[in-house]
Amino acid sequence: MGSQGRASLLGCLVDILPPPVSPVPTPTLHPIREWEGCVTEIRSEEFVADLLDLTAGDAVEAEEAVIAKDELSPEDRSRLAIGSFFWWVVGYEALPGRARKHVSLIVFPDLPPLTEADLDRGRDWADWLFKRWGLE
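Here is a short report on the structure shown in this document. (Residues numbered from 1 in each chain as written. Predicted model: local features only at pLDDT ≥ 70, side-chain atom pairs only at ≥ 80, totals over all residues. Heavy atoms only, no water.)

Take the nonpolar core next. In this structure, F47, L51, I67, F86, W88, I106 and F108 are the most contacted members of the largest nonpolar core, which totals 13 residues. Contributing elements (two or more residues each) for this core: β1 (28-42), β2 (46-53), β3 (62-68) and β4 (85-94). A total of three residues in this core trace back to one element, the largest contributor, which is β2. (Core = buried A, V, L, I, M, F, W, Y, C linked by side-chain atoms within 4.5 Å. Buried < 20%, exposed > 50% of the residue type's maximum accessible area, 1.4 Å probe, protein only. Helix = DSSP H or I, 4+ residues; strand = E, 2+ residues; numbered from the N terminus.)

This part is about a nonpolar patch on the surface. A cluster of nonpolar residues, L29, L52, L54, V60, W87, L105 and V107, forms a patch on the protein surface that exposes about 580 Å² of accessible area. Assessed through its relative accessible area of 41%, L54 is described here as partly exposed. (Patch = residues over 30% accessible without salt bridge, like charges linked within 9 Å, V, L, I, M, F, W, Y side chains within 5 Å. Areas by Shrake-Rupley, 256 points an atom, 1.4 Å probe, with all protein chains shown as cover. Salt bridge = Lys/Arg side-chain N within 4 Å of Asp/Glu carboxyl O.)

Scanning the entire structure with this criterion turns up five aromatic pairs. Considering the side-chain rings of F85 and W87, the 5.1 Å spacing of their centres and the 80° angle between planes classify their relative orientation as edge-to-face. Taking the relative accessible area as the measure of exposure, F85 reaches 26% and is therefore partly exposed. Summarising the aromatic geometry, the rings of F86 and F108 are spaced 5.2 Å apart at their centres and angled 35° between planes, so their arrangement reads as tilted. Placement of the pair is F86 in strand β4 and F108 in the loop between β5 (101-107) and α3 (116-132), with a sequence separation of 22 residues. Summarising the burial analysis for this pair, F86 and F108 share the class buried. Following the ring pairs from residue to residue traces out a cluster consisting of F47, F86 and F108. (Phe/Tyr/Trp six-rings, centres within 6.5 Å; stacked < 30°, edge-to-face > 60°.)

Worth remembering: the numbers are spatial, not functional.
So, in structure tokens, the structure goes:
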């Protein structure tokens, strides 16, 4: 096939190929506050959790929160159990050239809930650390 035949073939392909698609801008999440949480109580419309503030720097800031179940995705609602671990991020979502919007994102990772045996091991470890460091 000569160069004229190739040009003709390419011309036909251009007619049937869809036009190039511009990449869709991906939103970015800019955290303002972040917590790790552990579910301690489940109520009909909400749950209670102990939170550790990850944005507190060197200070250890623990707090308790009551969170509406409506804040969770359907998939994460199925993971809600006493002892379940989750991350909570409050921040803003930005798209290039658009206004920012505030978001609250709660995510339950694929981890099994804590058991009493897990808690006992944690207490034993904490006791060992207290003794080792002479904090009794």
